[in-house]
Amino acid sequence: QQQVKQSPQSLIVQKGGISIINCAYENTAFDYFPWYQQFPGKGPALLIAIRPDVSEKKEGRFTISFNKSAKQFSLHIMDSQPGDSATYFCAASMLRTGNQFYFGTGTSLTVIP
Amino acid sequence: GAVVSQHPSRVICKSGTSVKIECRSLDFQATTMFWYRQFPKKSLMLMATSNEGSKATYEQGVEKDKFLINHASLTLSTLTVTSAHPEDSSFYICSARLDPGYTFGSGTRLTVV
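Structural notes, computed from the coordinates. Computed from a predicted structure; not experimentally measured. (Residues numbered from 1 in each chain as written. Chains lettered and ligands numbered in written order. Predicted model: local features only at pLDDT ≥ 70, side-chain atom pairs only at ≥ 80, totals over all residues. Heavy atoms only, no water.)

1. Here we look at the nonpolar core
Ranked by size, the top nonpolar core spans 25 residues in total, and within it Phe33(A), Trp35(A), Phe73(A), Leu75(A), Tyr88(A) and Leu109(A) carry the most contacts. Put simply, the parts of the chain that give this core at least two residues each are strand 2 (10-14), strand 3 (19-25), strand 4 (33-38), strand 5 (45-50), strand 7 (62-67), strand 8 (72-77), strand 9 (86-93) and strand 11 (107-112) of chain A. Sequence-distant contacts of Phe73(A), that is, excluding residues within four places in its chain, are made with Val4(A), Ile21(A), Asn22(A), Cys23(A), Tyr25(A), Phe33(A), Trp35(A), Ser65(A), Phe66(A), Cys90(A) and Ala91(A). One finds Ala30(B), Met47(B), Val81(B) and Ala96(B) within the second-largest nonpolar core, a separate group that totals 24 residues. (Core = buried A, V, L, I, M, F, W, Y, C linked by side-chain atoms within 4.5 Å. Buried < 20%, exposed > 50% of the residue type's maximum accessible area, 1.4 Å probe, protein only. Helix = DSSP H or I, 4+ residues; strand = E, 2+ residues; numbered from the N terminus. Contact = heavy atoms within 4.5 Å.)

Laid out in structure tokens, this is it:
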């Protein structure tokens, strides 16, 4: 059973555009929602993360929007650049109660010049 | 910042041989490390949770006799793929809990020929 559902599977965006990736979860015990960026042949790198007590977090061009009631969260990449082309994974974890950590299925983002 | 160092980054081995992958936490102690497997264009699949000084916990369907995990110190966990076969070829990634989240190694590309 997929604990975290991610969409779309792939995304093509023009340079300068906004990339939006969505994730949904069911387990209300999740209390930490990170986004990871992965380049080919490399391990995932933490991009930005949010806790459920806030609805939005922004770091540079990257913003997480969090909707607790809908159990959804999304990553927005503003002014997308070709260097942002990578695979993005959302994840959810229960930091309070243990080490369970669940990844979404990933989104392959291509930013075309 | 704190880093998880994974070695080797690439390894090619013959069928029937064993391969050891190391994962070290630099600048911090990791009582728990995680081992993932990733197929091309797929998400990360948790294989096992490695606990310092005790036996690893394997996810359902992962053969513990094939994927031997040792976590002998607070900074080192190893994954040994025993009697490797071509179907074991994959990208293996370790991670460690680093509050408030997790940090990942750079991955090991294993090719069994």
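2. Here's the deal with the layout of surface pockets
A volume near 1,100 Å³ is recorded for the largest pocket. Phe89(A), Lys42(B), Ser43(B), Leu44(B) and Met45(B) are the residues nearest the centre of the largest pocket, which is lined by 42 residues in total. Only strand 9, strand 10 (101-103) and strand 11 of chain A together with strand 4 (32-38) and strand 5 (44-51) of chain B provide two or more residues apiece to the lining of the largest pocket. Residue composition of the lining of the largest pocket, grouped by class: 18 nonpolar, 19 polar and five charged. By volume, the second largest pocket amounts to about 190 Å³. (1 Å grid on protein atoms, 1.4 Å probe; cavity = no way out; pocket = protein on both sides within 12 Å on 5 of 7 lines; lining within 4 Å. Points joined across faces, edges and corners; volume = space filled by probe spheres on them. Nonpolar A, V, L, I, M, F, W, Y, C, P; charged D, E, K, R; others polar.)

3. Section: the sheet that holds strand 3 (residues 19-26) of chain B
Across a sheet, paired strands are connected by hydrogen bonds in the backbone, their directions being either parallel or antiparallel. All names here are of chain B. Sheet architecture is open: four strands sit in the order 1-3-8-7, paired in antiparallel fashion. In the strand order of this sheet, the two ends are held by strand 1 (3-7) and strand 7 (67-73), each with one partner. Taken over all neighbouring pairs, the strand axes of this sheet differ in orientation by 15 degrees on average, direction set aside. Bridge count between strand 3 and strand 8 (residues 76-81): six bridges; the pairing is antiparallel. Pairing of Cys23 across the sheet is with Ser77, part of strand 8. (Pairing = 2+ DSSP bridges. Axes fitted to C-alpha atoms, helices over the stretch in contact; angles between N-to-C directions.)

4. Observations concerning unusual backbone geometry
Residues Ser7(A) and Pro8(A) are joined by a peptide bond in cis, for which omega reads -5 degrees. With respect to the helices and strands, Pro8(A) occurs in the loop between strand 1 (4-7) and strand 2. Following His7(B), the chain continues into Pro8(B) via a peptide bond in cis, with omega recorded as 0 degrees. Positive phi is not limited to glycine here, since Lys41(B) has a value of about 60 degrees. Here Lys41(B) is to be found in the loop between strand 4 and strand 5.

5. As for the packing of aromatic side chains
Counting across every chain of the model gives 18 aromatic pairs over all chains. Here the aromatic rings of Tyr36(B) and Phe104(B) are separated by 5.8 Å at their centres, their planes lie at 45 degrees, and the arrangement is tilted. Placement of Tyr36(B) in strand 4 and of Phe104(B) in strand 10 (residues 101-104) is noted, with a sequence separation of 68 residues between them. With respect to class, Tyr36(B) is no different from Phe104(B); both count as buried. Here the aromatic cluster, defined as three or more aromatic residues joined through ring pairs, consists of Tyr25(A), Phe30(A), Phe33(A), Trp35(A), Phe66(A), Phe73(A) and Tyr102(A). (Phe/Tyr/Trp six-rings, centres within 6.5 Å; stacked < 30°, edge-to-face > 60°.)

6. Quick look at the sheet that holds strand 6 (residues 56-59) of chain A
All names here are of chain A. In spatial order, the strands read 1-3-8-7-6; together these five strands make up an open sheet with antiparallel pairing. In the strand order of this sheet, the two ends are held by strand 1 and strand 6, each with one partner. The mean angle between the axes of side-by-side strands here comes to 15 degrees, regardless of whether they run parallel or antiparallel. Note: strand 3 against strand 8, six bridges, orientation antiparallel. In the sheet register, Ala24 faces strand 8, and the bridge partner there is Gln72.

Geometric descriptors of this kind do not, in isolation, establish any biological role.
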